[in-house]
Structures are given as C-alpha cells and as structure tokens.
Amino acid sequence: MDQWLQALGKGGLSFFERLGRGNVFLLRTLTGLPSAMGHFRLVIQQLHSVGVLSIQIIGVSGLTVGMVLGLQMYNTLVDFGAEDSLGPVVALSLVRELGPVLAALLFAGRAGSALTAEIGLMKATEQLSGMEMMAVDPIKRVIAPRFVAGFISMPLLAAIFSAVGILGSYFVGIGLLGVDSGAFWSQMQSKVDLMEDVVNGVIKSVVFGFVATWIAVFEGYDAVPTTEGVSRATTRTVVHTAFAVLGLDFVLTAMMFGED
Amino acid sequence: MANASKDEVLVRIRGLHFSHGPRVILDGIDVDIRRGSVATIMGPSGTGKTTLLRLIGGQLKPDAGTVEVDGQNVASLSRGELFQLRKRMGMMFQTGALFTDLTVFDNVAFPLREHTDLPESMIRDLVIIKLNAVGLRGARDLMPSELSGGMARRVALARAISLDPMMIMYDEPFTGQDPITVGVIMQLIRRLNDNMGLTSVIVSHDVAEVSAISDQICLLSGGKVVADGSPRDLRESQSAWAKQFLNAEPDGPVPFHYPAKDYRDDLFGERD
Ligand SMILES: Nc1ncnc2c1ncn2[C@@H]1O[C@H](COP(=O)(O)OP(=O)(O)OP(=O)(O)O)[C@@H](O)[C@H]1O
Ligand SMILES: [Mg+2]
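Small disclaimer: the values here were computed from a predicted structure and weren't measured.

(A) Representation of helix H7 (residues 138-176) of chain A. All names here are of chain A. Look at H7: 53 Å from first C-alpha to last across 39 residues, which is about the 57 Å you get at 1.5 Å a residue. Considering bend angle alone, the principal kink of H7 is centred on Ala144 and spans about 35°; proline Pro145 follows within four residues of it. The opening residue of H7 is Asp137, an N-cap whose side-chain oxygen sits 3.0 Å from the backbone nitrogen of Ile139. Gly178 lies just past H7 and shows a positive phi near 80°.

As structure tokens, this is what we get:
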C-alpha cells in the first residue's frame, strides 16, 4: 500500500512537472512567433514537410472513410426509404466529427512523429546546443516555424479530409448504389449549417492542430538526447496526441452541440 | 566594467564546482587564460573537459564558484547578455554538431546570416575564405551526411571562426584527422590566434601537437587541476601527474579505469 501510494505520488509529481515544463515551453514558443514570421522562408519549408507531404495519407484515408460511410449509411437509410438523406448524414459526420478527429490522429502519426524525431535527433547530435552557442535561440529558429506550420496545416488537412470523404461517399452512393445526385447535394446544402456545423468543425480542427503540434515539438525538444530517448519521445507524441484529441473532442462536442 | 577590456586575463575560473546528479565532475577548479594565448586543457577521458567548455560558454551553470569571460560572470548574465557574449565566442563541438539539413556552405554561412546584414555576395566570399582555410573549399555543396568524421570537424572549425570571434574553443580538433590535416589545423589555430588577436582554448589528448602550439597547458584529473603552466614547465615539472600524462604511461596517479569495485572481487567474488 505504502509503495503503491509512493508510486502514485511520484507519477503525479512527474506528470505535473512535465505539464509545467510543457507550458513554459509553449510560452517561449509563442513569444518566438514574431521572429519566426520574420524568417518566413523557414515556415514555408516546414509547411511543405509538415503539410504538403501529409496530403497523400489524409486524402487516401478521407476517400476510404467516405466510401465506407456511404455504404454503411445507405444500408441503414434505405430501410426507412430515406436514402436521399445520404448526403447530409455523411457530410455532418465528416464535418463535425470524423474530419477533425481522424485528420488529427493521422497528422500525429505522419507529421507529429516526424517533427518529434527530427527535433529529438537535432538535440541528440548537439545541433540545438550548437545553435545556442552561436547565439541563436533554437526555440525561435527551429521550434517556432515548425509550430506555425503545424498549426496552419492541421485545419487545412481536416478540410481536405472532409471534402475528399464527401466525394468518396458520392461515388459510392451515386455511382454504385443509385442514389439521386440532385437529392444528395441539395439535401446536404439545406441540412448542413455553416455556423453550427462547418465553423464548429473548423474550430475543433484548429484546437486539435494547436495541441497536436505543441505535443510534437515539445516531446522532441524535451526528449532524452539518446537513441532510445528519441524513439520513446516519438511514441509518446502519437499516444499523447491521441488521448488529447479524443478527450478534447468530447469536451468540445459537449460544449458545441450539447444543449439542443 | 570599463577597465575590464584592459584585463590581461580573458577567462578567469575560480573555485568551480560542478556535478551531474550525484557524480562530482569538477571539484574546485582555478584557471586563468590570458588574452591572446593558446591554452590547452588536457586530461583523461571523462574528466569533464567538455563540461568545462560548456561552463565557459554558459550552457551549464556551476554549482559553486565563478567563470568570468571578459570581465563578465557568465552564470549571472541574462539570456540576451549571454547571447551577446556568445557572438564573440566560437565553439567547435567534439561531434561537429553540423546542421544536417544544410549544405556545408550554408552551415558555415549560418552565423553570418543570423547575425550580420552582409549582402549575399560578401557572405559567399567570406564562407569560401573560411572553407579554403580548412581545405574544404571544394566540398561546399556536400551535405553533412556525405562528409567523413574528420571533414565534418573541419567544417565545424570553419563555422566556429566564421564570425571572427574574440575567443574560440576547440573540443578535440585533431581527433580523427590524418597527419597532414593535423599539421594544417595546428598551424591554422596558431595563425588565427596570432593574426587576429584571438584567444584559443583547446581540449586535446595529442601531447606532441598541443605542446608545439600552446602557451599554457592545464591538466585536469579527478575534478581538480593537477598541473598548470607552459609546455616547458610541464615537461620539467616533477609532478607525477604531468609525467604520466606527457609520457603516456599506463601506471601512475591517473587511473585508467572508471570508478569500480575491485577487479578480483568482480570476477571471483559474490555475484550481484
Ligand atoms: N548529461 C550527463 N548526465 C550525467 N553525466 C554526464 C552527462 N554528461 C556527461 N556526464 C559525465 O560527466 C563526465 C565528464 O564528461 P565530459 O564530456 O566533460 O568528459 P570529457 O573530459 O570531455 O571526456 P572525453 O575526453 O572523452 O571527451 C563523464 O564521466 C560523463 O560520464
Ligand atoms: Mg569531451
């Protein structure tokens, strides 16, 4: 019992210590943002490696998720003769939930882990301390541009995910299952509300982008500078981002759609 | 502060203590490095030579004692002041620490681009001059992953001198170099030091090489300074430490082994 309590206390302390370090780190990153914007070339490079290179996996996943959604929803809806509602059902699921959440999870696996590994290896090979010795702040030069790029990319990737997903369900619904194309789009247009659905989905993806990128760059910067240290940090990025995104999704959903 | 620049001593270390967790690395060090001199820090592997350079550069904070560089106590500087000081300090890391996503050229240009507003054409010329000095002008378009260990270290050297600092710290500049390059780097260090009025701090194990170019050799062992003086002082000194180190004798006051329990016990005693 004693040992158990001790372990609990120790775990709790180290959790809060990390949380504290993470917040200090975030503050330093945010104060480094203006100078990152000054080096906009660096942000562009990172937008390429964090954002553009993630489009493939986001697009493919969005397409398959959309196609599967189309199939499954159709099977249920057709029992009630409501297959014309396929458009809004798919669009709402994607725009409100699946787009932001799945894009964030994929983002953590594709871009977040790469960010952590890259920064962790730069630390392990003394590139970060070398930079400090040259009187260049690595938070401004290395972390801030990556943070900006992740923060900008995530909402765009989520939007691509949803858009491609809707197209996927369109192909399945209209091409394979014979749903009426006019009904598909017009129902979608009338049922999906810009503020209520689209904007809330965008807010989610902005929050997820912020958290996922923060976790990724912090884990890299805080990694133990050895081979195992970096590999553990990379794993932690993916796991912690998944927990954070799923937890926040519940909170945000409750706040946005809870009371009607 | 005003007369600090007239001070003879550029780096003044007093009563320096430093530990990594429970392990005491430096245990009360006093060293003076004179302006314009080439000073070498020697000592067995793992005694804390790199650690000492990091303390001078302000990357680590002493547990006790002070490190003064150019009259400023490094540990008490604000981040901005420390960065100002570091612009005047070059450091060549033991591992090179080149930026792996930049070419050789861009690595050497990095400090210039960060800290000066020079036009690109002038940066190019400066970089070429520095790379030529280390014999790697032809390697400017290679990536660090395409360099050998010795070449990477020479690029790191070129980068360390790119801002023409007042002081340069070299962490093991000769390791992994062929004899010709060792000679070139030795001459380079001495020439840079004298022509540009620099102060150089070298960490090295190569007794013959550093004796030839150093004004001062400081021997560290077991967290203490065991000998300090000109190469000639050290050769003539009767100190057992100096003798063992300069003559590369396996036995003497400097232990070859990392602290451990008795060897015989370890092999034949009780297993843990
Ligand atoms: N981050 C760290 N945590 C704990 N101990 C460390 C750390 N870094 C170095 N040490 C220990 O500090 C001691 C001094 O290390 P340092 O790198 O300064 O040695 P060195 O004199 O430069 O050795 P070498 O000649 O092999 O480069 C070593 O014994 C090492 O075990
Ligand atoms: Mg060392």
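(B) Seen up close, the interface of chain B and chain A. With 21 residues of chain B in contact, the opposing surface of chain A contributes 15 residues. Carbon and sulfur atoms supply 56% of the area buried between chain B and chain A, which totals about 1,700 Å² over both sides. Of the charged contacts, one joins Arg54 of chain B and Glu126 of chain A as a salt bridge, the two residues approaching to 2.3 Å between their closest N and O atoms. Our count for the contact surface shared by chain B and chain A stands at eight residue pairs in polar contact (both at pLDDT 80 or more). Per element, the largest residue contribution to the side of chain B that touches chain A is four residues, and it comes from helix H3 (residues 104-115) of chain B. Class assignment for the residues of the side of chain B that touches chain A results in 10 nonpolar, five polar and six charged.

(C) Expanded view of the pairing of strand E1 (residues 9-20) of chain B. Residues and elements named next belong to chain B. Sheet topology note: the E1/strand E2 (residues 23-34) ladder contains nine bridges and is antiparallel. Paired with His20 across the strands is Arg23, a residue of E2. Bridge count for E1 against strand E4 (residues 64-69) is five bridges, and the pairing is antiparallel. Bridged to Val11 within E4 is Val69.

(D) Main features of the pattern of salt bridges. One pass over the full model with this rule turns up 27 salt bridges over all chains. One salt bridge connects Arg18 of chain A with Asp222 of chain A, and the closest N-O pair in it is separated by 3.0 Å. Of this pair, Arg18 of chain A sits in helix H1 (residues 2-31) while Asp222 of chain A is found in helix H9 (residues 194-222), placing the two residues 204 residues apart along the sequence. Using a relative accessible area of 17% as the deciding quantity, one classes Asp222 of chain A as buried. We note a salt bridge from Glu132 of chain A to Arg86 of chain B, for which the minimum N-O separation is 4.0 Å. Here Glu132 of chain A is found in helix H6 (residues 127-133), whereas its partner Arg86 of chain B is found in helix H2 (residues 79-86) on a different chain. With respect to burial, Glu132 of chain A and Arg86 of chain B carry one shared label: buried. Linked by salt bridges that have partners in common, Glu17, Arg18, Arg21, Glu219, Asp222 and Arg236 of chain A make up one network.

(E) Up close: the coordination of the magnesium ion (ligand 2). Every protein donor of the magnesium ion (ligand 2) is accounted for by Thr50 of chain B (OG1) and Gln94 of chain B (OE1), and the metal-donor separations fall at 1.9 to 2.4 Å. Taken together, the residues span a long stretch of sequence, with Thr50 of chain B in helix H1 (residues 49-56) and Gln94 of chain B in the loop between strand E6 (89-92) and H3 at a distance of 44 residues.

(F) Up close: the site of ligand 1. Residue and element names in this part refer to chain B. With respect to spatial proximity, 13 residues lie near ligand 1, and among them Arg23, Ser45, Lys49, Thr50 and Thr51 are the closest. At a separation of 3.2 Å, a nitrogen atom of ligand 1 approaches a polar side-chain atom of His20. Contact with the protein chains hides 63% of the accessible area of ligand 1, taken as 640 Å² for the molecule alone. Among the secondary structure elements, those contributing two or more residues to the shell around ligand 1 are E2 and H1. If one sorts the elements of the shell around ligand 1 by residue count, H1 sits on top with three residues. For the shell around ligand 1, the residue count by class is one nonpolar, nine polar and three charged.

(G) Highlighting the packing of aromatic side chains. Residues and elements named next belong to chain A. Per the stated rule, a full pass over the model turns up 12 aromatic pairs over all chains. With a centroid separation of 5.2 Å and 35° between ring planes, the pair formed by Phe25 and Tyr221 is classed as tilted. Of this pair, Phe25 sits in helix H1 while Tyr221 sits in helix H9; the two residues are 196 residues apart in sequence, bridging distant segments of the chain. Here the two residues Phe25 and Tyr221 agree in accessibility, since each one is buried. Among the aromatic residues, those joined into a ring-pair cluster are Phe147, Phe151, Phe210 and Trp214.

(H) Representation of unusual backbone geometry in the model. Even without glycine at this site, Glu126 of chain A takes up a positive phi of about 65°. Within the secondary structure, Glu126 of chain A is located in the loop between helix H5 (86-124) and H6. A positive phi angle is found at Asp70 of chain B, which is not glycine, with a value near 50°. Take Asp70 of chain B: it is sitting in the loop between E4 and strand E5 (72-73). Overall, Asp70 of chain B belongs to the buried group, its relative accessible area being 12%.

(I) Region of the structure containing the sheet that holds strand E3 (residues 38-42) of chain B. All names here are of chain B. In spatial order, the strands read E6-E7-E8-E3-E9-E10; together these six strands make up an open sheet with mixed pairing. Looking along the sheet, the strands with just one partner apiece sit at the ends: E6 and strand E10 (224-229). Each strand axis lies, on average, 15° off the axis of its neighbour in the sheet, ignoring direction. Pairing of E6 with strand E7 (residues 167-171), which is carried by four bridges, proceeds in the parallel orientation. The residue of E7 that forms the bridge with Met91 is Met169. On the sheet, helix H6 (residues 179-195) packs against E3, E7 and strand E8 (199-203) and is oriented at approximately 155° with respect to E8.

(J) Inspection of the packing of H1 of chain A against H9 of chain A at higher detail. Residues and elements named next belong to chain A. Axis separation between H1 and H9 bottoms out at 10 Å; the angle between their running directions is 105°. The angle between H1 and H9 falls in the class roughly perpendicular. For the pair H1 and H9, contact is made by Arg18, Arg21, Gly22, Asn23, Phe25, Leu26 and Arg28 and by Phe210, Trp214, Val217, Phe218, Glu219, Tyr221 and Asp222, respectively. Taken together, the residues of the contact of H1 with H9 break down into seven nonpolar, two polar and five charged.

(K) Summary view of a nonpolar patch on the surface. Residues and elements named next belong to chain A. Among the surface-exposed residues, Leu63, Met67, Leu167, Phe171 and Trp185 lie close enough to one another that they form a single nonpolar patch of about 430 Å² accessible area. Residue position: Trp185 is located in helix H8 (residues 181-191). For Trp185, a relative accessible area of 35% translates into the label partly exposed.

The rules behind each value
- Residues numbered from 1 in each chain as written.
- Chains lettered and ligands numbered in written order.
- Predicted model: local features only at pLDDT ≥ 70, side-chain atom pairs only at ≥ 80, totals over all residues.
- Heavy atoms only, no water.
- Helix = DSSP H or I, 4+ residues; strand = E, 2+ residues; numbered from the N terminus.
- Expected span 1.5 Å × (residues − 1).
- Bend = angle between axes of the 7 residues up to and from the residue.
- Polar contact = N/O pair within 3.5 Å; in protein donor to acceptor, adjacent residues only side chain to side chain.
- Contact = heavy atoms within 4.5 Å.
- Buried area = accessible area lost by both parts, 1.4 Å probe.
- Salt bridge = Lys/Arg side-chain N within 4 Å of Asp/Glu carboxyl O.
- Nonpolar A, V, L, I, M, F, W, Y, C, P; charged D, E, K, R; others polar.
- Pairing = 2+ DSSP bridges.
- Buried < 20%, exposed > 50% of the residue type's maximum accessible area, 1.4 Å probe, protein only.
- Donors = N, O, S within 2.8 Å, 3.2 Å for Na, K, Ca; no water.
- Near = heavy atom within 4 Å.
- Areas by Shrake-Rupley, 256 points an atom, 1.4 Å probe, with all protein chains shown as cover.
- Phe/Tyr/Trp six-rings, centres within 6.5 Å; stacked < 30°, edge-to-face > 60°.
- Axes fitted to C-alpha atoms, helices over the stretch in contact; angles between N-to-C directions.
- Parallel < 35°, antiparallel > 145°, perpendicular 65-115°, else oblique.
- Patch = residues over 30% accessible without salt bridge, like charges linked within 9 Å, V, L, I, M, F, W, Y side chains within 5 Å.

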